[in-house]
Amino acid sequence: MSFIEFDGVYKRYQMGEIVIPAADGVTFSIEQGEFCVITGPSGAGKTTILNILGGMDDCDDGKVRVAGDLVSGYNRKRLIEYRRFEVGFVFQFYNLVPNLTALENVELATQISKKSLDAQKVLERVGLGDRLNNFPSQLSGGEQQRVSIARALAKNPKLLLCDEPTGALDYTTGKQILKLLQDTSRETGMTVVVVTHNQAVTPIANRIISLRSGRVHRIAVNDNPVSVERIEW
Amino acid sequence: MSKALFKDVFRSIIRTRNRFLSIAAIVALGISVFAGIKATAPNLKDTAEKYFYDYNLSDISIVSTIGLSENDIYKISKVSGVEAVMPVKSADVFIEVDGKKVIDIEGAQYVCRATSLNMDMATAFQNGVNDAAYMNRPDLLEGAYPKQENECLIDSSAVTSTHKFAIGETVTLTGDNENLKNKLKNTQFTIVGIVRTPMYISVERGNTLIGSGKLGNFIFIPETNFVTDYYTHAFISVAGAFGYKAFSPEYKAYVEPVIKDLEAISEDRVRARAMSLSIELAPQVERGETELAAKEIEAEQKLAEARELVKQIKYYAENGDEELAAKKEEFESSLSDAQRRLLSGRSEYNAGLAEYNRKLAEYRAAKAIADQYPNARADYARAKYDLEEAKKDLDEAENALNETRRLLDQAGEEGNLSNYVVVAQAVARVLAGRAGESISPETLEQLQQAINEENAQQVYFILEGAQRALEGELNKAKYEYQVKEMQLEAAAQDIKKLDELEAAEKKLREAELKLNAGSSELSIGELTLNMRQMELKYELTLAEEKLAQAKAKAKTADEEYAKKEAEVRQQLQNARHDIDNAKKVLASLDSAAWSVDGRDALPGHVEYDQSADNMTAFSAVFPVFFFFIAAVVSLTTMTRMVEEERVQLGTLKALGYTSGAIAAKYLIYATLATLIGTVLGLAIGFVLFPVSIYNAYSIMFTTPKIILAFRTRYALIGLILFLAAVSSGAILACRSALADNPSKLMRPKAPKKGKRVFLERIGFIWKRMSFNTKVTARNLLRNKRRFIMTLVGISGCTALLLTGLGIKDSISSISKNQFSGENAVAKYDAQIVLNDRNVSGISPEETLAGVKEDVRVKDAILTHMRTLNGSSEREPDTVLPVSILVPGNTEDLQNFIKLRNRKTGEAYTLNSEGVLVSEKFAAKTKTNPGDEIFVTLNDGSNVNMKVAGVVENYAFHYIYMTKELYTQTFGEEPVFDFITAKLSDNIKSMDETERNAEKTKLATDLAKRDDISVVVYTDQAVNTFNKLLKGLDALVFIFVGSAGALAFVVLYNLSNININERLRELATIKVLGFYDREVASYVFRENILLTALGVASGILIGIPLHKFVINIAEVNIVMFGRSISWLSMVIATSVTVVFAIIVNALMRQKLKKISMVESLKSVE
Ligand SMILES: Nc1ncnc2c1ncn2[C@@H]1O[C@H](COP(=O)(O)OP(=O)(O)O)[C@@H](O)[C@H]1O
Ligand SMILES: [Mg+2]
């Protein structure tokens, strides 16, 4: 049994008369420790799937299993705990609390989790050891995204979910962030799922899931993923 | 406006309906409080004014101490400006229902004013005639007008009565020590209608000269009931006075000259009436005195007789018991004596009877034996005879023998035969006597022969033989005799027995007789005894009955006597009173005067005006503050809205819309919300506030239903102010937003810059703070606008709440500070009003001594008090009525009145250096120690005096001065017309009902004295204040309610903005896995802190705000308390906190519903 299993997952949005199926019977699985990339054109349902996987949204139908547990069957409280202890989330627009320093933003996450890592160390690991006391507004986009990743990692989750982590970044910075994610997966064996519309990054993944119109278009397994430095777009 | 824009506005409203509604709600609240409270005072005055007009309230009233004659009325009507005069007759009386005196809540006899009602005028009024001369018209609330002379209309308000008067009831009027028949034809009236009149606009009915001095209610009775030929009141309407607003200074100024003119004619009128009264009354008094004296003597005699009778009855009733007991004892003992005697007689008799029976039995036995010898007596006689015969024989024989023997012996000795023969012959004679028995005749013949033969031998022989035979014979006879003797003896024995028997029989017979006699005696005794018993018993019952009767009589005798005496004395007193009244009237003729008063003298009139003015004062501050908060909050809301929609703004701008067109959307939005709020607020405010405030006041006032009016002025002012506030918020926000170029607008607004807050610089505090606290602190301090808005909202609401509650504290403390509190200014309990010494003939000093003697009075002091208009050199335009108080004894005054400066705490003693003035007077006239003040005398001249000190005082204005200073200042000695008294500790320690009863009794007792008019207790003033407070409670409730509602809306709105602004942040922490409660506390820590800060600063703002309102609201004659109670602070705080909690609970739900997916979808 795989670490993550999607089994016929549906998510529909009612827009007046018409029903938009954002996820239309999505079935796939991801193994533990894999670095997985979900791609597809805009509106394909990537974010929807990631949100469902991250416990931020529920599905209308189908089953979602993580480490054998049926996430799609969780109640409200269990779902919060799932997000709290098992999932780390990285957003396209970082979603840092502007009033808090880099360190405090990370602490916001660590203070609620028992098995969390030391906030300062995690920030040092993402290369922000000297920017601990800067506010988000004092950091560049890449640095903000690093803080965001640090915040997700500091919880020491089983699963790291990233929605377009490089979407708002320039090429080099984007690459650095991808590298950080790949390294994390390699070094800690953490399962990382990255959503991106950028087809060019697929070679760095163990598993590539392509979506189209809410359906799984193709699943490719790559036994020899390349290092981030080696790809270009 | 394009259709699209309109649609956009409409959609915005739907989408942000919470925001739209909260702006409308805030506006509604603000406007309703503003316009509602503003409208209340004019509504109150309009209501009264219409009432005055409809029921033709008189402008001036004249009361004369000696009544008004027809001529007086005529002269009054001729005074210029007088439109009409209504003369009225009235009598102040006690009132009874079902034979029981009606008692007021203080335990005193309820006093009713029976007022004449001109039935012709009343009928005409019913038929729609509006006669100016028909004034102070009864407003019929229930029932009908009187048709019979003995029917009446009664006062609808009788708050102080313990009895509730109803239609159909019959009331009986009784005089206070006066012969009511001298005034009224009927004294019994059936209530046919319930009325009110503009004369009595409040529940106060004013004062009276009878009973406790407090008028309870009034009744209207047909005028024909009055037999008096004079009027007690004249009511006057001034031509054109209704053209002026009631209560207004213009009105007063208009009426004042007429009052002055009436006062001007009063002297002549009073003199004329005094003259005619003295002509009428003087002879009456003289005649009355002689008649009364005779009547008194007669009455005393009759009473003395009656008393004697009662005494006898009572004596018997008291002592009859003893007498009866003695009699009873005698009866019992006499009976028992007789019974005892009878009893022992009976036993004696029984013993006798038994003895008798025994003897009878014996006798019977003896008799039975005796009966066996019926011949015993004969036998005995015979035996005795026999024995005697035998004795004779025996004696003969013995003689014979002895003769024989002697002869023989003689013969033998002499040997002489011859002798023999003689002997023999003698013997033979003897023998012959005994011939045939022991000596046979042959022997005798032989002897004869022998003798004849002289045969001595033979003779001897024979004789010897004869001797022997004789001896034998003798022995035999002896024996026989002995037998016979024995027989006799036996017979004698028998006879003796017989004799005894006979004796016994006799005795028995006697005993029987005696017994019989005893028995009958006993029977008689018994009979007598029974009869005596019956007799005695009868006597006893009679005596008992008599006693019971006497006792029963003794019980009622006193009562009967008392009743009788009361009756007689009442009659005498009536006569006495008539004379005294006449005398008093005569005595008072010199000092007689009219009191000519405007409407202000009507009970409750001024208070009504003041209550309305108090509202004006409230409306000056309360709604304005309210308005300010509401405006600020709605402004914030609008600003926020514009900021939220900046992207859309940018898009529109990019599409070529002008700034004006874009701003129009927000203006329309704001205007719509304001309009809806205004309509709602006015609809609620113009009704809710006047009605509920009026209802609160209706405890004190008896006026018709409030007249509500749409006050366009206030409506417009409110609308414009809010429109300005809300739309300027929208415009300001739009302007700053539209200043940016479209592309910048369309891009997400750069997130706010994180900044260090000052707290972080204080390392030792920052380090000690928990992570959450740091977040809270930073959020709070970073977002200053929200911080300040919330603070303003919450603190404003708390301040309003505190002010509302504080006003109540302040007003309620007046009576506490002045009269009833621990540390009150007035330490006395009663003011005793003295009668004119010229009338009573008793000096005030004597009266004081008399009052002090009463054990119920702890201490008392003479006081002079007169009220004049006072002012100061510094503030001559401020003229206040001030009471000059002069103590009879300077040192004692401080025992009755606290003479102390409130601020410095300095205690004063009165001296001749200067006067002490009360605080409010000093403040109003800007007077300090050392300054001069002056009072204006009736003749218009001013009298100056130097101020030595300012003393604490809360109600009315006072000038305290010594007797000496008064004399020096006014050039005359003060007339002591009051006694100020303290009640005994004993009375004070009683429980309330007991104390009230005791006080009423004291008042009644004192008022009975000729030298005392009436006793007024200070707690009557306290009661009035407290009643007013009850109304205030409701008022405060309204204010607290609206302030609370504002607090709620403000908190809700601000929390809502807070959450909306931070949706993204909140969604993020939800994604991070914060539990619901953690999310809530993340937000609410700030709210709680802001609430706490807001409450604290609200209290800090509330205290001066309260002072400010108090200063405005304070009426001249009272000084409100300056402090707010702790309880009010606690209530203000908790109301705000409770609202904060409720708002938090609502917000918690909202937080729970925040969607992470939606909130994080894109950057704003
Ligand atoms: N809240 C929503 N209401 C209606 N449609 C939605 C909503 N969220 C997503 N969709 C639709 O679902 C589809 C998938 O969206 P998304 O998962 O965001 O796509 P991607 O991330 O791959 O660009 C899109 O067609 C989008 O329009
Ligand atoms: Mg997406």
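Located above this text is the structure these notes cover.
Just so you know, these numbers come straight off a predicted model, no measurement behind them.

**Here's the deal with the overall build of chain A**
Moving on, step 1. Scanning chain A from N- to C-terminus turns up 6 helices and 10 strands.
Moving on, step 2. Residues classed as buried in chain A amount to 51% of the 233 residues present.
Moving on, step 3. Relative to all contacts within chain A whose residues are 6 or more apart in sequence, the contacts with residues 24 or more apart total 68%.

**Observations regarding the interface of chain B and chain A**
Moving on, step 1. Contact residues are listed per partner, giving 24 residues for chain B and 25 residues for chain A.
Moving on, step 2. Mapped by element, the contributors of at least two residues to the side of chain B that touches chain A are α17 (771–782), α27 (1063–1071) and α30 (1156–1160) of chain B.
Moving on, step 3. Considering only residue class, the side of chain B that touches chain A consists of 12 nonpolar, 4 polar and 8 charged.

**A word on the site of ligand 1**
Residues and elements named next belong to chain A.
Moving on, step 1. Surrounding ligand 1, one finds Tyr 13, Met 15, Ile 20, Ala 22, Gly 40, Ser 42, Gly 43, Ala 44, Gly 45, Lys 46, Thr 47 and Thr 48.
Moving on, step 2. When residues of the shell around ligand 1 are traced back to their parent elements, those giving at least two are β1 (4–15), β2 (18–30) and α1 (46–53).
Moving on, step 3. Here the shell around ligand 1 takes 3 residues from α1, the largest share from any one element.
Moving on, step 4. Counted by class, the shell around ligand 1 contains 5 nonpolar, 6 polar and 1 charged residues.

**Concerning the sheet that holds strand β1 (residues 60–68) of chain B**
Residues and elements named next belong to chain B.
Moving on, step 1. The strand order across the open sheet formed by 4 strands is β2-β11-β1-β12, and the pairing between neighbours is antiparallel. What marks the edges here is a single partner per strand, and that holds for β2 (82–88) and β12 (594–597). Shown here is a sheet whose adjacent strand axes are inclined to one another by a mean of 15 degrees, direction ignored.

**Structural notes on the nonpolar core**
Residue and element names in this part refer to chain B.
Moving on, step 1. Residues Val 27, Phe 626, Ala 630, Val 726, Ile 832, Val 915 and Leu 1046 are the most contacted members of the largest nonpolar core, which totals 202 residues.
Moving on, step 2. With 19 residues, helix α2 (residues 17–54) is the largest single contributor of residues to this core.
Moving on, step 3. Excluding anything up to four places from it in sequence, Ile 832 contacts Val 851, Phe 978, Ile 979, Ala 981, Leu 1006, Ile 1012 and Val 1015.

**Some remarks on the pairing of strand β10 (residues 215–222) of chain B**
Residue and element names in this part refer to chain B.
Moving on, step 1. Counting buried residues along β10, 8 of its 8 residues qualify, which places the element largely inside the surrounding structure.
Moving on, step 2. Taken together, the 7 bridges between strand β5 (residues 111–117) and β10 define a ladder with parallel strand orientation. Within β10, the position partnered with Ser 116 by the bridge is Ile 221.
Moving on, step 3. Sheet topology places strand β7 (residues 151–155) next to β10; 2 bridges connect them, and they run antiparallel. By the bridge assignment for β10, Ile 154 is matched with Ile 219.

**Examining the environment of B:Met486**
Moving on, step 1. Checked against the element boundaries, B:Met486 lands in helix α9 (residues 456–588).
Moving on, step 2. Sequence-wise, B:Met486 and B:Ala383 are 103 residues apart; in three dimensions their C-alpha atoms are separated by 9.4 Å.

**Quick word on the packing of helix α18 (residues 784–820) of chain B against helix α29 (residues 1126–1153) of chain B**
Residues and elements named next belong to chain B.
Moving on, step 1. The interhelical angle for the contact between α18 and α29, taken along N-to-C directions, is 145 degrees, at an axis separation of 9 Å. Classified by chirality, the crossing of α29 by α18 is right-handed. Counted together, Ile 794, Cys 797, Thr 798, Leu 801, Leu 802, Leu 805, Gly 806 and Asp 809 of α18 and Ser 1128, Met 1129, Ile 1131, Ala 1132, Thr 1133, Val 1135 and Thr 1136 of α29 form the full contact between these two elements.
Moving on, step 2. Taken together, the residues of the contact of α18 with α29 sort by class into 9 nonpolar, 5 polar and 1 charged.

**Describing unusual backbone geometry**
Residues and elements named next belong to chain B.
Moving on, step 1. Phi is positive for Asn 56, close to 45 degrees, though the residue is something other than glycine.
Moving on, step 2. With respect to the helices, strands and loops of the structure, Asn 56 is situated in the loop between α2 and β1.
Moving on, step 3. Positive phi, close to 50 degrees, is recorded for Asn 136, a residue that is not glycine.
Moving on, step 4. With respect to the helices and strands, Asn 136 occurs in the loop between α4 (119–126) and β6 (139–143).
Moving on, step 5. Taking the number of C-beta atoms within 10 Å as the measure of exposure, Asn 136 has 23 and is therefore buried.

**Quick word on the packing of helix α3 (residues 102–110) of chain A against helix α5 (residues 141–154) of chain A**
Residues and elements named next belong to chain A.
Moving on, step 1. Two elements in contact, α3 and α5, have axes separated by 8 Å at closest approach and are oriented at 25 degrees. One way to sum up the angle between α3 and α5 is to call them roughly parallel. As α3 runs across α5, the sense of the crossing is right-handed. Here Ala 102, Asn 105, Val 106, Ala 109 and Thr 110 of α3 lie close against α5, whose contacting residues are Val 147, Ala 150, Arg 151 and Ala 154.

**Brief notes about the environment of B:Leu173**
Residues and elements named next belong to chain B.
Moving on, step 1. Note on placement: Leu 173 falls in strand β8 (residues 170–174).
Moving on, step 2. Linking Leu 173 and Thr 187, residues 14 residues apart in sequence, is a C-alpha distance of 5.1 Å.
Moving on, step 3. Filtering out sequence-adjacent residues up to four positions away, Leu 173 remains in contact with Val 93, Ile 95, Cys 112, Ala 114, Leu 180, Leu 184 and Thr 187.

**Concerning the sheet that holds strand β6 (residues 87–90) of chain A**
Either a parallel or an antiparallel arrangement is found when strands of a sheet pair, and the pairing is made through backbone hydrogen bonds.
All names here are of chain A.
Moving on, step 1. Within the open sheet, the 6 strands sit side by side as β6-β7-β8-β3-β9-β10. Their pairing is mixed. One side of each edge strand has no neighbouring strand; the edge strands of this open sheet are β6 and β10 (215–221). Going across the sheet, the axis of each strand differs from the next one's by a mean of 15 degrees, ignoring polarity.
Moving on, step 2. As paired elements, strand β3 (residues 35–39) and strand β8 (residues 191–195) share 4 bridges and run parallel to each other. Across the sheet, residue Val 37 finds its bridge partner in β8, namely Val 194.
Moving on, step 3. Contacting β3, β7 (159–163) and β8, helix α6 (residues 171–188) runs over the sheet at an angle of about 155 degrees to β8.

**Considerations on helix α25 (residues 992–1008) of chain B**
Residue and element names in this part refer to chain B.
Moving on, step 1. Taking 1.5 Å per residue, 17 residues should reach 24 Å; α25 reaches 24 Å between its end C-alpha atoms and fits that length.
Moving on, step 2. Among the residues making up α25, those that are buried are Lys 999, Thr 1000, Leu 1002, Ala 1003, Leu 1006 and Ala 1007. Within α25, the buried residues cover an arc of 160 degrees as seen down the axis, which keeps them to one side. Of the exposed residues in α25, those oriented more than 90 degrees away from the buried face are Thr 993, Glu 994 and Lys 1008.

Basis of the calculations
Residues numbered from 1 in each chain as written. Chains lettered and ligands numbered in written order. Predicted model: local features only at pLDDT ≥ 70, side-chain atom pairs only at ≥ 80, totals over all residues. Helix = DSSP H or I, 4+ residues; strand = E, 2+ residues; numbered from the N terminus. Buried ≥ 20, exposed ≤ 12 C-beta atoms within 10 Å, placed from the backbone. Contact = placed C-beta atoms within 7 Å. Nonpolar A, V, L, I, M, F, W, Y, C, P; charged D, E, K, R; others polar. Near = placed C-beta within 6 Å. Pairing = 2+ DSSP bridges. Axes fitted to C-alpha atoms, helices over the stretch in contact; angles between N-to-C directions. Core = buried A, V, L, I, M, F, W, Y, C linked by C-beta atoms within 7 Å. Left-handed = near helix turned anticlockwise from the far one by under 90°. Parallel < 35°, antiparallel > 145°, perpendicular 65-115°, else oblique. Expected span 1.5 Å × (residues − 1). Arc of directions from axis to C-beta.

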